[in-house]
Amino acid sequence: MVAPDVGSPLAVQEFTSTKTKNVQMTDATLSLTAAPTYEGTNRLILGIVLAVVTFWLFAQTTLNVAPTMRDDLHITNSESNIAVSITALFSGIFIVVAGGLADQFGRVKLTYIGLALSILGSLLIALSPPGTAMFLMAGRVIQGISAACIMPATLALMKAYFDDKERQRALSFWSIGSWGGSGVCALFGGLVASTMGWRWIFWMSIAVAIASFLLIRGTPESKVETVERKPFDWFGLVTFIIAMVAVNVVIGQGSALGWVSPTVLLLTTLFIVAAAVFLRTETRSGSGFVDLALFSNITYSGATLSNFLLNGAAGTLLVTLTLVQQEAGLSSLQSGLLTAGYLIAILSTIRVGEKLLQKMGPRSPMLIGCWVTAVGILLTTFTFLLARQYLVAAFIGFTLFGIGLGLYATPSTDAALSNVPQDKAGSASGIYKMASSLGAAFGVAISAAIFTSLSHLQDLGPIADIATGRTDNVNVRSAASMALMFNVVMVVIAIVAIAMTVPKSRHSSL
């Protein structure tokens, strides 16, 4: 449930267009196709935000309602866990490809395709019959590909049609859709599942996707025209898919299959070989589907790495909400209420992060946000407390979590996108959002794996000596604490990455 706010409601009105965009290209073979007098409007921002929440709000509700869906569909825990993480995984796998396609074929067009796929994926999930996971899995995969199309395309549109402070404002609202959407997904999912039924979540997602299409319709196309068409890097894509799927299965199913079982060892070897071949191919290719040259910009690299790590902390929500439902007897709605502070905090502070960015540059608000996030997650590790005390600690922890992400979101996005050339905006956006999706996928998978594996150990661990209340579930509480501590470590690594890569002085847009 992470995922980096909402200030005042958006008014659907158009700005008076007075500015002409002149884009200077460094490569004579490239030119940006866009209406020269078009300036982004509030209507476009609202349409983009609605497109983004089809993933971060609706698709992410499975973090909280997965147990309800599992019981209703009569599927196994293993199938349910895969369904939770597979959407972010496929989004991360294809997002860079979609970013490149957005640059080549049109950012508006790719957004439309993403919305169509979102409708199809949500329809399959809403119509899933009991007794099979086929519809659910197919729908979740399609939702992931939908997000891969929408996120880089809409970020590139923000860069193309908004400048300076207007771009920073637009990115803040984009963050409302992403980080803010993930902030409300647990509460929203629990509320809908407990009152109307979980299937209504995905019917609502279809309605929102249609509204987004109607709002974006009429926006001039924005794309990069190139005289020289390079062949698509299918070999790089295939090796990347093999590596990512193999490692995700190992992380998610290693405990069930056995960490030293032939299957896990084979998949681990497959991951290592595929990853090595991928890196070797991409570093030598001039037309790789991942433009590794972008990482020569140290600020972009630092923003992208920290984005991966912060989104990886999404495992905090899965572990905490599962713990309180499993051991404290809370319903999905009651556990979702624990994230109310997270929601309010993140929606209240994203615009604060924008203002801090304008006054201080990206580095300071990014660091402050990470430190606050780390403290918030640390509070959720206090599983030795009585249930009531823990619920209070978790509520405060989630609230600090939201404040930290809100302060971090816009400065990080702006630091990444304002440091890349306009003709690579789609590819850069794709890689940046790939970091978000893969971070969430692996963060959730690793946290769940730690929690599940340690829960079955007889050695109760350090919590046993200080735990209060029930003692029959100390192993589960200790496992949750260790899994949550993993998320704290990821945020600390993000702090180090930002301190080493993002300059203290304000960056200048390229």
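Structure: above.
Residues numbered from 1 in each chain as written. Predicted model: local features only at pLDDT ≥ 70, side-chain atom pairs only at ≥ 80, totals over all residues. Heavy atoms only, no water.

A. Layout of the overall build of the protein chain. Summing up its helical and strand segments, the protein chain has 18 helices and two strands in all. Counting across all 510 residues of the protein chain, residues that qualify as buried make up 57%. (Helix = DSSP H or I, 4+ residues; strand = E, 2+ residues; numbered from the N terminus. Buried < 20%, exposed > 50% of the residue type's maximum accessible area, 1.4 Å probe, protein only.)

B. Quick peek at the packing of helix 11 (residues 315–327) against helix 18 (residues 474–501). Between helix 11 and helix 18, the shortest axis-to-axis distance is 9 Å and the interhelical angle comes to 165 degrees. Taken together, the axis directions place helix 11 and helix 18 in an arrangement best described as roughly antiparallel. Helix-helix and strand crossings are classified by hand; for helix 11 and helix 18 the assignment is left-handed. Counted together, Gly315, Thr316, Val319, Thr320, Leu323, Gln326 and Glu327 of helix 11 and Val476, Arg477, Ala480, Ala483, Leu484 and Asn487 of helix 18 form the full contact between these two elements. Split into classes, the residues belonging to the contact of helix 11 with helix 18 amount to six nonpolar, five polar and two charged. (Axes fitted to C-alpha atoms, helices over the stretch in contact; angles between N-to-C directions. Parallel < 35°, antiparallel > 145°, perpendicular 65-115°, else oblique. Left-handed = near helix turned anticlockwise from the far one by under 90°. Contact = heavy atoms within 4.5 Å. Nonpolar A, V, L, I, M, F, W, Y, C, P; charged D, E, K, R; others polar.)

C. Main features of the packing of aromatic side chains. In total, this model carries nine aromatic pairs according to the counting rule given. Arranged with centres 6.2 Å apart and planes meeting at 80 degrees, the rings of Trp198 and Phe202 form a pair that is edge-to-face. As far as the burial class goes, Trp198 and Phe202 line up, both buried. (Phe/Tyr/Trp six-rings, centres within 6.5 Å; stacked < 30°, edge-to-face > 60°.)

D. Representation of the pattern of salt bridges in the model. Under the criterion given, the structure shown has five salt bridges. When the shortest N-O distance is used, the salt bridge between Arg351 and Glu354 registers 2.5 Å. Residue Arg351 and its partner Glu354 are both found in helix 13 (residues 340–360); the two are separated by three residues, about one turn of the helix. A relative accessible area of 2% places Glu354 in the buried class. (Salt bridge = Lys/Arg side-chain N within 4 Å of Asp/Glu carboxyl O.)

E. Examining helix 4 (residues 107–126) more closely. Its 20 residues give helix 4 an end-to-end C-alpha distance of 28 Å, which sits within 8% of 28 Å, the value for a rise of 1.5 Å per residue. Every buried residue belonging to helix 4 is among Arg107, Val108, Leu110, Thr111, Gly114, Leu115, Ser118, Gly121, Ser122, Ile125 and Ala126, and all of these are buried. What you see down the axis of helix 4 is that its buried residues fit within an arc of 150 degrees, all on one side. (Expected span 1.5 Å × (residues − 1). Arc of directions from axis to C-beta.)

F. Spatial organisation of empty space enclosed by the protein. Empty space within the largest cavity amounts to approximately 60 Å³. Considering the residues around the largest cavity, the lining is formed by ten residues, among which Gln60, Val84, Ala88, Ala440 and Val444 are closest to the centre. Contributing elements (two or more residues each) for the lining of the largest cavity: helix 3 (77–105) and helix 16 (425–455). The residue makeup of the lining of the largest cavity, split by class, is eight nonpolar, two polar and no charged. (1 Å grid on protein atoms, 1.4 Å probe; cavity = no way out; pocket = protein on both sides within 12 Å on 5 of 7 lines; lining within 4 Å. Points joined across faces, edges and corners; volume = space filled by probe spheres on them.)

G. Local environment of the nonpolar core. In this structure, Ile48, Trp198, Ile201, Met244, Tyr300 and Cys370 are the most contacted members of the largest nonpolar core, which totals 128 residues. The element contributing the most residues to this core is helix 5 (residues 134–161), with 13 residues. Non-local contacts of Ile201, meaning those with residues more than four positions away in its chain, are made with Phe58, Thr61, Val65, Phe188, Gly189 and Val192. Counting seven residues, the second-largest nonpolar core is a separate cluster that includes Leu63, Val84, Ala314 and Leu318. (Core = buried A, V, L, I, M, F, W, Y, C linked by side-chain atoms within 4.5 Å.)

H. Examining the packing of helix 2 (residues 62–73) against helix 3 more closely. In contact at an axis separation of 10 Å, helix 2 and helix 3 are set at 150 degrees when each is read in the N-to-C sense. By the criterion of interaxial angle, the relationship of helix 2 to helix 3 is roughly antiparallel. Between helix 2 and helix 3 lies a crossing whose hand is right-handed. On helix 3, the residues that touch Thr62, Leu63, Ala66 and Arg70 of helix 2 are Asn77, Ser80 and Val84. For the contact of helix 2 with helix 3, a count of residues per class yields three nonpolar, three polar and one charged.

I. Local environment of helix 15 (residues 387–417). Given a rise of 1.5 Å per residue, 31 residues ought to cover 45 Å, and the 44 Å separating the end C-alpha atoms of helix 15 matches this to within 8%. Largest kink in helix 15: about 30 degrees, centred on Ala409, with the proline Pro411 one to four residues after it. (Bend = angle between axes of the 7 residues up to and from the residue.)

J. Region of interest: unusual backbone geometry. Positive phi, close to 60 degrees, is recorded for His74, a residue that is not glycine. Of note, His74 is situated in the loop between helix 2 and helix 3. On the basis of relative accessible area, His74 is assigned to the exposed category, the value being 59%.

K. Region of interest: a nonpolar patch on the surface. On the surface, Leu123, Leu127, Met196, Trp200 and Trp203 cluster together to form a nonpolar patch covering roughly 470 Å² of accessible area. For Trp200, the location among the structural elements is in helix 7 (residues 199–216). (Patch = residues over 30% accessible without salt bridge, like charges linked within 9 Å, V, L, I, M, F, W, Y side chains within 5 Å. Areas by Shrake-Rupley, 256 points an atom, 1.4 Å probe, with all protein chains shown as cover.)

L. Region of the structure containing the environment of Leu136. With respect to the helices, strands and loops of the structure, Leu136 is situated in helix 5. Counting along the chain gives 67 residues from Leu136 to Met69, while the straight-line C-alpha distance between them is 9.6 Å. Setting aside its immediate chain neighbours within four residues, Leu136 contacts Met69, Leu73, Ile75, Ala83, Ile125 and Ser128.

M. Structural context of the environment of Ser331. Inspection of the secondary structure assignment puts Ser331 in the loop between helix 11 and helix 12 (332–337). Between the C-alpha atoms of Ser331 and Asn64, which are 267 residues apart in sequence, the distance is 9.7 Å.

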